[in-house]
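Here are the chains, one letter per residue:
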Amino acid sequence: MELPVISSSAPAAEGGGCSSSGCGTAPDALAHLPDHIRAKVQDHPCYSEQAHHYFARMHVAVAPACNIQCNYCNRKYDCSNESRPGVVSELLTPDQAIKKVMAVAAEIPQMTVLGIAGPGDPLANPARTFETFQQLSEKAPDIKLCVSTNGLNLPQYADEIAKHNIDHVTITINCVDPEIGAKIYPWIYWENKRIFGIEGARILIEQQQKGLEALTSRGILVKVNSVMIPGVNDEHLKEVSKIVKAKGAFLHNVMPLIAEAEHGTYYGIMEQRGPTDEELQALQDECAGDMSMMRHCRQCRADAVGLLGEDRGDEFTMDKIDVMEVDYEAAMVRRKQVHDEIMVKLDAERGIVKPKLTGIPEGSRPVLMAVAGKNGVVAEHFGHAKEFLVYEASPEGVRFIGHRKTELYCGGMDSCGDGDVVGEGETESLLDRNIKILSGCEVVLCSKIGYEPWGKLEAAGIAPNGEHAMEPIEEAVMKVYEEIAATGKLLPKTETLKVA
Ligand code: CLF
Ligand code: SF4
């Protein structure tokens with residue numbers, strides 16, 4: 001069965017942005033989907049950009065083994081400050097995993113999705129993976145099941161996946177050309193032997209494509225993840241996007257390569273660079289011509305818990321769970337209530353008539369703005385933001401572009417207000433680093449900001465703005481864009497803006 005593909009403007013539209021036809025209502029990006037697909041997507045934080053502001057996911061790390069080697073992976077590396085796929089602190093048995101899911105479901109009622117994403121490949125550990133899904137579907141049928149795989153074993157488990165009512169499957173597809181594949185995968189383990197180079201990559205690609213077809217023909221939603229590796233597969237990913245769309249993939253998520261020497265990965269040691277934010281965005285935009293793109297991925301750990309970008313895994317280690325008293329029946333009632341409340345809010349948001357952009361001269365250039373936001377509003381102090389959400393405002397409207405992770409430098413609420421921040425030498429460099437990650441942005445919106453970062457941002461050509469605290473993000477971005485237009489400064493990018 002061919003699945004409908006969300007329009008390429010989906011992320012912006014889901015977030016309540018304006019359509020290219022000239023702004024007005026907040027188009028519901030899911031509205032055109034048949035009901036049964038809409039029901040699968042609307043509360044999944046990865047499949048719906050809008051939902052990720054409200055609904056949480058969790059991963060259980062039950063799958064230690066892997067059947068391929070990727071040049072960007074080293075599963076031995078474990079750092080609780082790290083946040084990337086393949087990294088995990090605590091490996092669980094299926095029984096422990098169920099205990100953990102029940103505890104998290106009780107504590108975080110907005111958790112709607114349980115994913116198995118590693119630290120190895122879930123389908124290289126089929127007994128542990130399917131045992132976990134089986135138990136969970138019996139004990140917590142309200143939780144959606146999700147799995148992420150490299151695809152090598154996918155064709156043989158497509159029926160099993162369908163049997164367990166797993167509606168969401170992610171396949172990591174980095175290429176469709178074995179010669180490119182050989183530069184990403186040194187070997188695969190196939191039919192009891194290691195197969196190296198181009199031949200290994202050819203088998204992997206064939207299996208991924210067969211698996212994709214097997215799932216879409218069964219009505220399962222498939223998201224394709226691709227790691228963008230400059231100079232290796234960056235150009236090629238446009239072709240990948242076309243092919244997976246033609247085969248019925250629902251969403252494409254192009255993620256940046258993370259490669260640092262201290263991770264001990266081949267790419268890290270070889271100093272293979274990852275893409276810049278600008279390169280990533282440009283490729284996502286090019287692929288978006290062919291299919292719907294995911295832009296809000298946070299490259300989660302294999303044991304992540306909570307809203308995307310807000311990992312609460314430390315609160316749910318097994319030693320803590322073992323002493324928790326969980327009344328799951330009461331939690332189920334609470335979960336339903338919270339879920340229903342969020343859905344009412346989301347439905348209202350989808351129906352809201354958004355104000356139109358006014359006073360924007362034709363031909364005005366787009367402006368990137370970074371927002372310290374939470375739950376869809378401008379909510380965070382500049383110095384407390386763990387990440388900035390980046391939006392583009394243009395005469396066509398406002399669209400979500402992606403996120404940029406920060407390093408916290410602010411010592412607390414008070415110091416953020418008066419600029420008295422901890423550890424001066426260190427603070428300086430962290431603040432400088434955070435300002436650097438905002439490159440390309442011309443405005444930063446936050447609820448509050450200290451004098452020191454204010455001055456440094458201005459010096460870097462980024463206008464700080466604390467005037468829209470607690471306002472819905474897209475409305476705030478729209479207003480600031482109008483303010484800039486009113487100053488006549490929608491001119492070439494080199495001009496420093498002063499809008500606050
Ligand atoms: Fe997990 Fe993946 Fe399911 Fe989401 S994550 S298995 S689809 S529930 Fe989401 Fe995390 Fe990005 Fe994955 S933000 S890494 S896309
Ligand atoms: Fe690592 Fe996943 Fe690649 Fe296996 S498939 S080597 S776990 S990134």
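Residues numbered from 1 in each chain as written. Chains lettered and ligands numbered in written order. Predicted model: local features only at pLDDT ≥ 70, side-chain atom pairs only at ≥ 80, totals over all residues. Heavy atoms only, no water.

A.B. asks: I tried to follow the nonpolar core on my own but got confused; where do I start?
C.D. replies: For soluble globular proteins, the rule of thumb is that nonpolar side chains tend to be buried together. Ranked by internal contacts, the top residues of the largest apolar core, which has 57 residues, are Val60, Met111, Leu114, Ile143 and Ile161. Considering every element that reaches this core, the biggest residue donor is helix H3 (residues 94-107), with 7 residues. The contact partners of Ile143, leaving out residues within four places of it in the chain, are Val101, Ala105, Met111, Thr112, Val113, Leu114, Leu136, Tyr328 and Arg335. Grouped together as the second largest cluster of nonpolar side chains are 34 residues, Leu152, Ile184, Tyr267 and Met294 included. (Core = buried A, V, L, I, M, F, W, Y, C linked by side-chain atoms within 4.5 Å. Buried < 20%, exposed > 50% of the residue type's maximum accessible area, 1.4 Å probe, protein only. Helix = DSSP H or I, 4+ residues; strand = E, 2+ residues; numbered from the N terminus. Contact = heavy atoms within 4.5 Å.)

A.B. asks: Mind showing me how you'd approach the sheet that holds strand E6 (residues 187-190) here?
C.D. replies: Across a sheet, paired strands are connected by hydrogen bonds in the backbone, their directions being either parallel or antiparallel. With respect to topology, 3 strands assemble into an open sheet ordered E2-E6-E7, the strand pairing being antiparallel. Bordering the open sheet on either side are strand E2 (68-69) and strand E7 (193-196), each of which pairs with just one other strand. Bridge count for E6 against E7 is 4 bridges, and the pairing is antiparallel. Each residue of the ladder has a partner; that of Trp190, found in E7, is Lys193. Its contacts with the sheet place helix H7 (residues 197-217) against E2, E6 and E7, and it is angled at close to 105 degrees to E7. (Pairing = 2+ DSSP bridges. Axes fitted to C-alpha atoms, helices over the stretch in contact; angles between N-to-C directions.)

A.B. asks: What is the right way to look at the confidence of the model for the chain in this model?
C.D. replies: The predicted coordinates ought not to be read in detail in places where the model reports low pLDDT. Summing up the model confidence of the chain, the mean pLDDT is 83 and the portion of residues at 70 or higher is 83%. In the model, residues 1-27 has pLDDT below 50 throughout and makes 85 contacts with residues more than four positions away in sequence or in other chains. In the model, residues 413-427 has pLDDT below 50 throughout and makes 30 contacts with residues more than four positions away in sequence or in other chains. (pLDDT = per-residue confidence, 0-100.)

A.B. asks: What is the right way to look at the pattern of salt bridges in this model?
C.D. replies: For side chains of opposite charge, pairing can occur when their charged atoms come near one another. Applying the stated criterion across every chain yields a total of 23 salt bridges. Of the charged contacts, one joins Arg202 and Glu206 as a salt bridge, the two residues approaching to 2.7 Å between their closest N and O atoms. Of this pair, Arg202 and Glu206 both sit in helix H7, 4 residues apart, roughly one helical turn. The exposure class of Arg202 is partly exposed, given its relative accessible area of 32%. Residue classification places Glu206 among the partly exposed residues on the basis of a relative accessible area of 39%. One salt bridge connects Arg301 with Asp303, and the closest N-O pair in it is separated by 2.9 Å. In this structure, Arg301 and Asp303 share a single accessibility class: buried. One network of salt bridges, with partners in common, ties together Asp285, Arg295, Glu392 and Arg399. (Salt bridge = Lys/Arg side-chain N within 4 Å of Asp/Glu carboxyl O.)

A.B. asks: Mind showing me how you'd approach the pairing of strand E4 (residues 144-149) here?
C.D. replies: Where a strand is regular, its side chains alternate between the two sheet faces. Here E4 lies mainly inside the structure; 5 of its 6 residues are buried. Here 4 bridges tie strand E3 (residues 111-116) to E4, and the two strands are oriented parallel to one another. From the neighbouring strand, Ile116 faces E4, where its bridge partner is Val147. What joins E3 to E4 is helix H4 (residues 126-139), and the crossover it makes is right-handed. Bridge analysis of E4 against strand E5 (residues 168-172) gives 4 bridges, and the strand direction is parallel. Paired with Thr149 across the strands is Ile171, a residue of E5. (Right-handed = clockwise from strand over helix to strand, strands pointing away.)

A.B. asks: Hey, could you run me through helix H16 (residues 473-486) in this one?
C.D. replies: Residues three or four positions apart in an α-helix share a direction because the helix packs 3.6 residues into each turn. Taking 1.5 Å per residue, 14 residues should reach 20 Å; H16 reaches 20 Å between its end C-alpha atoms and fits that length. Along H16, the positions that sit buried rather than exposed are Ile473, Glu474, Ala476, Val477, Met478, Val480, Tyr481, Ile484 and Ala485. Taken from the residues just after H16, Gly488 is the one with a positive phi, measuring 75 degrees. (Expected span 1.5 Å × (residues − 1).)

A.B. asks: Would you mind showing me how to read the site of ligand 2 here?
C.D. replies: In the neighbourhood of ligand 2, the contacting residues comprise Cys66, Ile68, Gln69, Cys70, Tyr72, Cys73, Arg75, Pro119, Gly120 and Asn150. Grouping the constituent residues of the shell around ligand 2 by class yields 6 nonpolar, 3 polar and 1 charged. (Near = heavy atom within 4 Å. Nonpolar A, V, L, I, M, F, W, Y, C, P; charged D, E, K, R; others polar.)

A.B. asks: Is there a simple way to think about the packing of aromatic side chains in this case?
C.D. replies: The relation between two aromatic rings is expressed through the spacing of the ring centres and the mutual angle of the planes. This structure, assessed with the given rule, holds 6 aromatic pairs. On the basis of an interplanar angle of 55 degrees and a centroid distance of 6.0 Å, the ring pair of Tyr266 and Tyr267 is categorised as tilted. When its relative accessible area of 47% is taken as the criterion, Tyr266 is described as partly exposed. One aromatic cluster is present, built from ring pairs that chain together Phe130, Phe133 and Tyr157. (Phe/Tyr/Trp six-rings, centres within 6.5 Å; stacked < 30°, edge-to-face > 60°.)

A.B. asks: What is the right way to read a nonpolar patch on the surface from this model?
C.D. replies: The grouping of Tyr266, Ile269 and Met270 at the surface amounts to a nonpolar patch, some 340 Å² of accessible area in total. Within the secondary structure layout, Met270 lies in the loop between helix H9 (266-269) and helix H10 (277-288). (Patch = residues over 30% accessible without salt bridge, like charges linked within 9 Å, V, L, I, M, F, W, Y side chains within 5 Å. Areas by Shrake-Rupley, 256 points an atom, 1.4 Å probe, with all protein chains shown as cover.)

A.B. asks: In this structure, what is going on with the site of ligand 1? I would like to understand it.
C.D. replies: The immediate surroundings of ligand 1 are formed by 15 residues, with Cys46, His59, Cys146, Cys297 and Cys300 found nearest. Grouping the amino acids of the shell around ligand 1 by side-chain chemistry returns 7 nonpolar, 5 polar and 3 charged.

A.B. asks: Could you clarify how one ought to interpret the side chain of Asn67 in this entry?
C.D. replies: Relative to the elements of secondary structure, Asn67 occurs in the loop between strand E1 (56-59) and E2. Residue Asn67 is classed as buried on the basis of its relative accessible area of 6%. For Asn67, the side chain forms a polar contact with the side chain of Asn150, separated by 2.9 Å. Those residues within four positions of Asn67 in sequence are excluded, and the remaining contacts are Asp121, Ala124, Asn150, Leu152, Asn153, Trp187, Ile188 and Tyr189. (Polar contact = N/O pair within 3.5 Å; in protein donor to acceptor, adjacent residues only side chain to side chain.)

A.B. asks: Would you explain the sheet that holds E3 in this entry?
C.D. replies: Pairing within the open sheet is mixed, and its 7 strands lie in the order E9-E8-E5-E4-E3-E1-E10. With partners counted over all chains shown, the strands left at the sheet margins are strand E9 (251-256) and strand E10 (305-306), one partner each. Most of the contacts of H3 go to E3, to which it runs at about 155 degrees, and overall it touches E1, E3 and E10. Together, E5 and strand E8 (221-228) form the strand contacts of H7, whose direction differs from that of E5 by roughly 165 degrees.

A.B. asks: Explain unusual backbone geometry to me, please; I cannot follow it from the model alone.
C.D. replies: Among all residues except glycine, the phi angle is most often negative; among peptide bonds, the trans geometry is most common. A cis amide bond, omega 10 degrees, links Gly118 with the succeeding residue Pro119. Within the fold, Pro119 resides in the loop between E3 and H4. With a phi close to 50 degrees, Glu191 is a non-glycine residue in the positive phi region. Here Glu191 shows up in the loop between E6 and E7. The class for Glu191 is exposed, based on a relative accessible area of 58%. Look at Met470: it is not a glycine, yet its phi comes out positive at around 65 degrees. Among the secondary structure elements, Met470 is positioned in the loop between strand E17 (463-465) and H16.

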